[in-house]
Every structure is written in C-alpha cells, then in structure tokens.
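Residue strings, one per chain:
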Amino acid sequence: MGIASIAQYDWPEGWPELLPFLLNLISDRGNRDGVHGALRCLALLSSDLDDTVVPKLVPSLFPHLHTIISSPHLYENSLRAKALSIVHSCISVLGSMSGVYKAETSSLMMPMFSSLMEQFSVILQSPVQSEEPDDWSIRMEVLKCLLQSVQNIPSLPVTQFSVILPPLWQTFVSSLKVYQKACIEGGEDSHAVRYDSDGGEKSLESFVIQLLEFLITMVGNARLAELVGGNIKELVYYTIAFQQMTEEQVRTWSLDANQYVADEDDVTYSCRVSGCLLLEEIINAYGEEGIDAIIVASQNRFHESREAKVAGSADWWKLREATLFAFASISEQLLEAKASGVIYCDLGNLIEQMITEDMGTGVHECPFLHARVFFIVSKFRSLINQRTSEQFLYGAVQAIASDVPPPVKVGACKALSQLLPESKQDVIQPHIMGLLLSLVDLLRQASDETLHLVLETLQAAVKAGHSQSTSIEPIISPIILNVWAQHVSDPFISIDAVEVLEAIKNAPGCIRPLVSRILPTIGSILEKPKLQPIGLVAGSLDLLTMILKNAPADVVKAVFETCFNTTIQIILESDDHGEMQNATECLAAILSGGRQELLSWEGDPGHTMKKLLDVASRLLDPNLESSGSLFVGSYILQLILHYPSEMSPHTRELIAAIVRRMQSCEIAGLKSSLVVILARLVHLSAADVNQFINLMLNIPANGYGNSLTYVMSEWTKLQGEVQGAYQIKVTTTALALLLSTRNEELAKISVQGHLIKSDAGIKTRSKAKFAPDQWTLIPLPAKIFSLLADTLAEIQEQVLDEDDDNEDSDWEEVSNSDGGLPQDIIYSSTVPSNVGPSVEHLDAMAKVFDEGEDDSYDDDLTKIDPLNEIKLVDFLTAFFSNLSNNDRSLFDHLCQSLSVSQSAAVEKVLRK
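What comes next is a walk through the structure. Remember, predicted model here, so these are calculated numbers, not experimental data.

## A closer look at the overall build of the chain
Summing up its helical and strand segments, the chain has 47 helices and four strands in all. A buried classification covers 53% of the 912 residues belonging to the chain. Taking the intrachain contacts of the chain between residues at least 6 apart in sequence as the baseline, contacts between residues at least 24 apart amount to 76%.

## Focus on helix 10 (residues 204-220)
The end-to-end C-alpha distance of helix 10, which contains 17 residues, comes to 24 Å, matching closely the 24 Å that a straight helix rising 1.5 Å per residue would cover. Across the 17 residues of helix 10, 14 count as buried, placing the element largely inside the fold. Its side-chain oxygen 3.2 Å from the backbone nitrogen of Glu-205, Ser-203 forms the N-cap of helix 10.

## Description of helix 45 (residues 872-886)
Between its first and last C-alpha, helix 45 extends 21 Å over 15 residues, near the 21 Å set by a 1.5 Å rise per residue. Most of helix 45 is tucked away, with 13 of its 15 residues classed as buried.

## Section: the nonpolar core
Leu-612, Tyr-635, Trp-715 and Phe-880 are the most contacted members of the largest nonpolar core, which has 302 residues in total. Both domain 1 (49-185 + 202-229) and domain 2 (703-756 + 774-800 + 837-911) contribute no fewer than three residues apiece to this core. Ignoring sequence-local partners within four residues, the contact set of Trp-715 consists of Val-675, Ala-679, Val-682, Thr-731, Ala-734, Leu-735 and Leu-738.

## Quick word on the packing of aromatic side chains
Two aromatic rings, taken as a pair, are described by how far apart their centres are and by the angle between their planes. Summed over all chains, the structure comprises 17 aromatic pairs. Judged by centre distance (6.2 Å) and plane angle (75 degrees), the ring pair of Phe-327 and Phe-380 falls under edge-to-face. Taken together, the positions of Phe-327 in helix 17 (residues 316-329) and Phe-380 in the loop between helix 20 (367-379) and helix 21 (386-401) put the pair 53 residues apart, joining distant regions of the chain. Here Phe-327 matches Phe-380 in class, with each residue buried. Joined through ring pairs, the aromatic side chains of Trp-169, Phe-172, Tyr-179, Tyr-237, Tyr-238 and Phe-242 make up one cluster. Over the aromatic face of Phe-325 sits the side chain of Arg-272, whose NZ or CZ is 3.9 Å from the ring centroid. The positively charged end of Lys-414 is found above the aromatic ring belonging to Phe-375, 4.9 Å away from the centroid.

## Observations concerning a negative patch on the surface
Taken together, Asp-256, Asp-266, Asp-448 and Glu-449 make up a surface patch of like negative charges. With respect to the helices, strands and loops of the structure, Asp-256 is situated in the loop between helix 13 (247-255) and helix 14 (257-265).

## Looking at the pattern of salt bridges
Counted according to the given criterion, the structure contains 24 salt bridges. In this structure, Lys-144 and Glu-141 form a salt bridge, with 3.8 Å as the shortest nitrogen-oxygen distance. Here Glu-141 and Lys-144 lie together in helix 7 (residues 133-152), a separation of three residues that amounts to about one turn. Residue classification places Lys-144 among the partly exposed residues on the basis of a relative accessible area of 25%. Exposure remark for Glu-141: the relative accessible area of 14% places this residue in the buried category. Arg-742 is the salt-bridge partner of Asp-887, the closest N and O atoms lying 3.5 Å from each other. Pair noted here: Asp-887 is in the loop between helix 45 and helix 46 (888-895) and Arg-742 is in the loop between helix 38 (725-740) and helix 39 (744-747), with a separation of 145 residues, a long-range link.

## Thoughts on the packing of helix 17 against helix 20
For the pair helix 17 and helix 20, the least separation of the axes is 9 Å and the interaxial angle reads 20 degrees. As judged from the angle between their axes, helix 17 and helix 20 are roughly parallel. Remark: the crossing between helix 17 and helix 20 carries left-handed chirality. In this structure, helix 17 contributes Trp-316, Trp-317, Arg-320, Glu-321, Leu-324, Phe-325, Phe-327 and Ala-328 to the contact, and helix 20 contributes Phe-368, Leu-369, Arg-372, Val-373, Phe-375, Ile-376 and Lys-379. A class-by-class count of the residues in the contact of helix 17 with helix 20 yields eleven nonpolar, no polar and four charged.

Thresholds, definitions, all that
- Here the residue numbers are simple positions, counted from 1 along each chain's written sequence.
- Restriction of local features to residues with pLDDT of at least 70 applies here, the model being predicted, together with a cutoff of 80 or more for giving and counting side-chain atom pairs; totals for whole chains, interfaces and linings are based on all residues.
- Here the side-chain values reflect all heavy atoms present in the structure, with hydrogen atoms and water set aside.
- Numbering of helices and strands runs from the N terminus; a helix is a DSSP stretch of H or I covering at least four residues, while a strand is a stretch of E covering at least two.
- For every residue, the accessible area obtained with a 1.4 Å probe (protein chains only) is divided by the maximum for its type, and the residue is called buried under 20%, exposed over 50%, and partly exposed between those limits.
- The contact criterion used is simple: two residues touch if any of their non-hydrogen atoms lie within 4.5 Å.
- A helix is expected to span 1.5 Å for every residue after the first.
- Polar contacts, as counted here, are pairs of nitrogen or oxygen atoms within 3.5 Å of one another; within protein the pair requires one atom able to donate a hydrogen and one able to accept it, and residues that are adjacent in sequence qualify only if both atoms are side-chain atoms.
- To define a nonpolar core, start from buried Ala, Val, Leu, Ile, Met, Phe, Trp, Tyr and Cys residues and group those joined through side-chain atoms within 4.5 Å.
- Just so you know, the domain bounds were taken from an automatic or database domain assignment.
- Working definition: a ring pair exists when centres of Phe, Tyr or Trp rings (six-membered ring for Trp) sit within 6.5 Å. Plane angles under 30 degrees give stacked, over 60 give edge-to-face, the rest tilted.
- Put simply, a charge is over a ring when the Lys NZ or the Arg CZ is close to the ring centre, within 6 Å, and near the line of the ring normal, within 35 degrees.
- For patches, a residue must show more than 30% relative accessible area and have no salt bridge; joins then use 9 Å for like charges and 5 Å for nonpolar side chains, namely Val, Leu, Ile, Met, Phe, Trp and Tyr.
- Computed by Shrake-Rupley with a 1.4 Å probe, the accessible areas treat only the displayed protein chains as cover when residues are assessed.
- In what follows, salt bridge is the name for a side-chain nitrogen of Lys or Arg lying within 4 Å of a carboxyl oxygen of Asp or Glu.
- By the counting scheme adopted, Arg and Lys are positive, Glu and Asp are negative, and His together with the chain ends is not counted.
- Charge positions come from single atoms, namely NZ of Lys, CZ of Arg, CG of Asp or CD of Glu.
- Whenever a helix is involved, its axis is fitted only over the stretch in contact; in every case the axis is a line through C-alpha atoms, and angles between N-to-C directions fall within 0 to 180 degrees.
- By the definition adopted for this analysis, an angle is roughly parallel if under 35 degrees, roughly antiparallel if over 145, roughly perpendicular if from 65 to 115, and oblique otherwise.
- When the near helix sits turned anticlockwise from the far one by under a right angle, the crossing is termed left-handed; a clockwise turn instead gives a right-handed crossing.
- When residues are sorted by character, Ala, Val, Leu, Ile, Met, Phe, Trp, Tyr, Cys and Pro go into the nonpolar class, Asp, Glu, Lys and Arg into the charged class, and all the rest, Gly among them, into the polar class.

Just geometry here; none of it tells us what the structure is for.
Pasting the structure below:
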C-alpha cells in the first residue's frame, strides 16, 4: 500500500525504475513472497492506470502475467487470480481507448488475446468444486476479463469466443450443482463468510452472479448471440434453477418481512435478479424462439418440482416458486407477445394449472410459494379466467384476516392492490368492510417497507368500497392520520398516507366529515408553526392542498376561514424553504377554489387583496433564496387570471419585481416560470402589445438598458427549457404576438444565436474554464422567428413519427383571410377550427413537450384560462401564413436565419 500510494504520484516519470523492479520480482520464481508482493502492488496500481501508461506497460507486463496465469503447478489460484485482476484493469483501459485508437489497441490486444483465451479455457473447463473459494475467485476474474473484452473491444473476432463456449458451459452447469447444494439447500456451512488475504470477500453467490452477468452480455451482443443461439433452451432451463431461493434468504425473509418486501421491490444484487435480467435479454435477442424456450423450460421445471414433492423432498417448492418468479419477471414481455399473437400456446391455462395446484399446499409449510402465487395472479390477471381470479381475490382477502406467515400477507397485499381496481362491485362489496378492518389491524403491526405495502393496499380497498364510503371514513381516517403524523418527515410513507386520505376524500359523502376531522388540528399547527416538530408544518400544508383539489365551495371556504391568514404568515415569516413552497402551493389552491368570491370572504376585498400582494412581494424578493420562491409562478398566474382588474394597477410594479427576481435567480425552473408570467401579461395586453413593449422599455434592469432587453435575452435562451403543454403554449404564442407588432425596438435588441464551434478538439474542464463557449449574436426578431419554427418542426416530427401515411392530410392550411395580427391569429386559434386533425396535432404536441398535467391547481388554471383552447399547430400555421401573405419582405428576411429543418417546417405549412 505504501509503495502503491507513492507510485500514484511519482510513477512513471519520477520513479522509472519501479516497473523494472516489480517485473524482476514477478519473474523470480524462487522468491514466492516477492512475486506475491509485486502482484499486489501492481494490482493496486492498475486501478489508477490511464491511457498514457497502459500502452507502454502492456508489452512488458503481459508476458510475465501470462507465465503466472499459465503455471498452476508453480503458483496457487489466489496469485493467478491477482494476475488476472491486473489483466482485467489493462483490458478495461484499452477498451476505453479503442474508440479513438482502434488500430493501436487492436495491435496491442490481438497478439496476447489468443494465448489468454487458451488459458481462460483451461481455467473454466474443469468442473466447479465445492468449498474451494480460490477456484471460484480465479474463475470470477476470468469472467470479468471476458466481460470487459466483449463490452469494450468489438474488433475481437467471434472465433476467439467460440473456443471459450464449451468450457464456459461446463462452468455454468457444474456451478449449479455446487450452488444447489451449498446455497439453495444450505449445506456445507454456506453461510460462513470467507475473505482473501486483502480482506476481499470470496463468495460462491458473487461468482454465480458474475457468471450470469457475462451470459447477459454475450446474449445482448449481436455477434455472440448467434454462438449461444443453439443452446437457449438449456440456458433458460438452468437459469430458472439458479433463481431458487437460498436457505439464507428463506431464513432472513421469514424473520423480517420488511427485508422480504424490500428485496422483492428493489433490483438487488442476487442470483434471482441476475437470472431475471438474463431471461429478459434472451427475449430481446431471440424473440419468439426465446419466449418458447422460457415456456418449455418452465413446464419442465414445474413437472420436476411435482416429482420432487412426490419423492418427499423438503425443498420441492423452491423450484416451483422460482418458475413462477421467472414468469412474473418477464410478465410484460409475455403479455405483449400473447397480445400480438407471438405465443400460440394457452399461456393462461398453463399459469392456472401451476397456481391452482399450489393453492392446495399447506400455507404454513410453503409460505413463500403461496406469496408467489398471489403475486403471479396479479401479474397475469388478464389471462386468468374470471372465476379463478375471483377465487384468488377471495383467498387474498382471507389471508389478510387469517393467522398466516407474514410472506403470505405480503403476497396477498400485492395481489389485492392489483386485483381490487378491476374487481366487480358485487364480488368485492360483501367483503370490503372486513378487508378494511383486517388491513387496519395489519397497519398497526407494519413498519418500514410493509407499511408502504399495506397503505397501497388500503388505498385500493378504499377506492373499491365506494358504495360503503360513509361507513369507511370514521374507521379508516383516524388511523391513517395517525400514521401520517408519525411519519410526516418520511416523504415516502407520508405521501402514501396522504394518497389513502385522498381516496377517502374522493369517496361519495366523505370529504366533509374528513375535513371536519382534519381542519381543527391543522389549524392549531399552522397557528404556532415554530413550535412544531420538523416537517409537520410543511406536511400539514401539503395535506391541505390535497383536500382543496376539486373541493366544493363550502369546503374551500372552511379551509379559508381556518388557514388563510396563517398560511400567509408562514410565507411572510418562515425561513424554511419547504414550508414556503408548500404554503405557496396551498395558497394557490385556495385561490383556485375561492376565485373572485374569495376577496369578500373576510369582508374587505381591498384588505384581502393587500395580503395576497404582500405574499407576491415576499416571494419575488430578490434577496430571498431561489428555493423559497420556487412556486411563485403558479401563484401569480392565479392572481392575474382570477383578479385581473385588481392586479391591473400593479402591472408595472409586478414586472419590475419579476425582473429583479429573475436577475437574482439561481434555479432555471424558477426563471422559466417567471417567463411564463410575463408571457401571460403579453396576452393580457393583446389589444395593444406595443403598450406592453413600451412599459418594459421604461422599467430599468441592472446591467441592461431596460427590462425588455434583459427579459428577451433570457426568454429566448430559456424557451426550449419551458416545461408543460400549457406553459409552452402561453410562451410560444406570446412570442408570436411580440413579433407581430413589428415594433422597431425589437430589432435593436441582439440575443444569443448559435454556438460557435471550436476546432480545438475535445473540450476539457480546464479549457472550458479559460475558454468558455462562444455564441453568435442575432437580432431578436430573427431569434423569435426561429424559435417558432423550431416548435412547428417538433410538432411535425412527432406527428410524422406516429403516422407517416397521413402526412398531407395532417397539414391543411388554416384559413385566415383577414390577415389582421395579432387579434385575428388569437381568434382563429381559439375558435373551433375547420382543420380535422387539430386534436391529433395537439395530442402530438403534448407528447413532444411532456405535458404531464395532473389534477392540481395548475391543471385547474389551464382549464379556466382561455388560452388553453388554442391549438398550437393551427396558431403557428396561421401566424406563418399571415406573415407570408401580408409582409413578404419581412418574412423572407427572417427566413434567412432559419436552419434547413426549420425552413422545411415552415415551407410545409405554406404549401397548401
């Protein structure tokens, strides 16, 4: 360690004699300790090798390493494995170089690779032995070297790998026998942890995982997949056996249900997970042939487990569970293949045969098998006949209420969360109250991972029990509120609890009793926020926001009366950014529900409006950290849409505050949301956009001549980062309105154009520091015109991807003979259009721009805003058509700044 640490700084330049010294030690067969020490030193150094050292090192080092690797009679496996680890590091570095220095790396690799593959074959060809960790370690290093070679050196001939296949298969098959006895059956003290002389763990399971990982890489490689193709049935057959639960997993999961749930849900490092990934890769690589191989192998393993059961084997169920586990892991691919007609066998009948036979097995004898059966039913519910599905639904309900092992309850919960949403009311209603009581009882015993699972199942049960909703609320709400309060600082559990409460709220007749239960406590928490535990204030505000979604007016008013002033005080006084963000969202939700009537709820509309403006002032304070202001955009949009006449006198002050906040802002998302507000103000000035431009020109901006110059320089840079279909629609159309004014001041502003490409090669961090990116400067009208063309091109591209055959019919010209801009464009884009495909275009646009709307107050905002009725594709078509027809010289001038793709998009809409 000492030598390696010094060498990291001094070698090779300051310590040129180190490598010759180490090589001499390695070649001295009479000095075992010297060989061992030199290898350990080189292994430590190899982890830090770079592309300047390895090409020089390989020619002199590899012959020595090859001698050690090929001399089992002279060197023990641990030393040979150490030599292989150095080879692995060198192959890794050479592989990373191969993209740029293909010829050089090939000339270095090819001479040594043939001899290496021979040694790899020798190491892998003998059967894997039990209780020989050094044997597992050297094989593992061979597999790592092969994995690096496949991944990083594509130029290596396939024939080289064909030599390795028979020995690799021998290792694969023989390792299963060892793994079965040591890990699955739990024999030979398999739980004992072994370590090498460097303190590294030597594990049979790690070796098997590495073996499966290499097979995944081979199957995923188009050239090597052909080599494996003749043996995929056998490959799948053995892979399913590797997916059996080990005795250690049985013991751990039996004692700890949380660990069972966590390991089931997470992609953990295990043979089971690696086996699933291999099966997925087989389907990807071999398609129908791969699916057939999995089905045939599953049938064979199912019959073998049946025979083992008859023969009295205690572990017969493990193979059955592994078969179902394998099926569940590739359920999406199997269902997709069945739907497309790739699978011709009766897959549903096969699954039913497996699961119905297992349900006759004692639940206490084979709890994990029962859990897997429930899980498989939820995965393949669309293929299982209705009667069988209902039987398992009832069985899951019974399991929740019965004294069965925890794994069975876990499986039942997973099944119910999937089956309940699709169950018939007459089937589930007689059992729903009993199920809810059982789940509540289970909730009291749950913790961590199981708590999440039970809450998820409760949510599904509440939604399924709508007809008994008024009976549900008093039973469930107090307990869920208690869970929420106990875990309010845990984002995962608290969100789960809020979602259950939301399901209760949405049930008929439940919102008012729930609000009556919640509001007094929440009100008292918000009155004294500084005295509350960490997270409780922010969580309470989040809970209120959920209550306010789509709430009736009387509920909104009740929340207003209890929490309006305290929510405002939190925004004005709190230093906790989480509290400020949630309070801003909550206040916006109150405005969304109360609208114009809200101003008179306290008696004095002017006083209420002043409070709302105070909030805006605090959130737009340029000295406030950006995180605290994160949701100010949606809040101010609520103000200007619900209270336009009250906000109108404050437009100048609002714009000035937004500009100051933008200039001090450190979060791009916040800056983009402020741009959306300014864009909406452009629309409010649609009758005379020049007036808005003149106002911006008269508002100062630090470092710029005026606010218009600053805002437009930022807006044009951020337009591509604006998220949400509504936000994109507002900003895009506002840019068109600005350009349509032909205001002379716009042409005086220069903004960021295109990146100037450098000829200096790859840009490193140091180069970027001293020579930052250079951009062209172009006139603002040209930039706006290109941004609008960009949007049009993206929409067209999405539509063409979805339906190439309807290219012409998708793009009819929008008639707008009056040619008046901007009012006529707005009008032509908001009235029902004669263009048939407009809805499809809008859908395509939403996909392009990641609409992602939910039922929050933002979504309510888009519903009440008339701008949301604009069909963006029609709007842009009308804009370009009108500009082309009415001001051809300007149109042609602006077109000169477009790229080829942008020009093509514009020409397409002008052709008709």
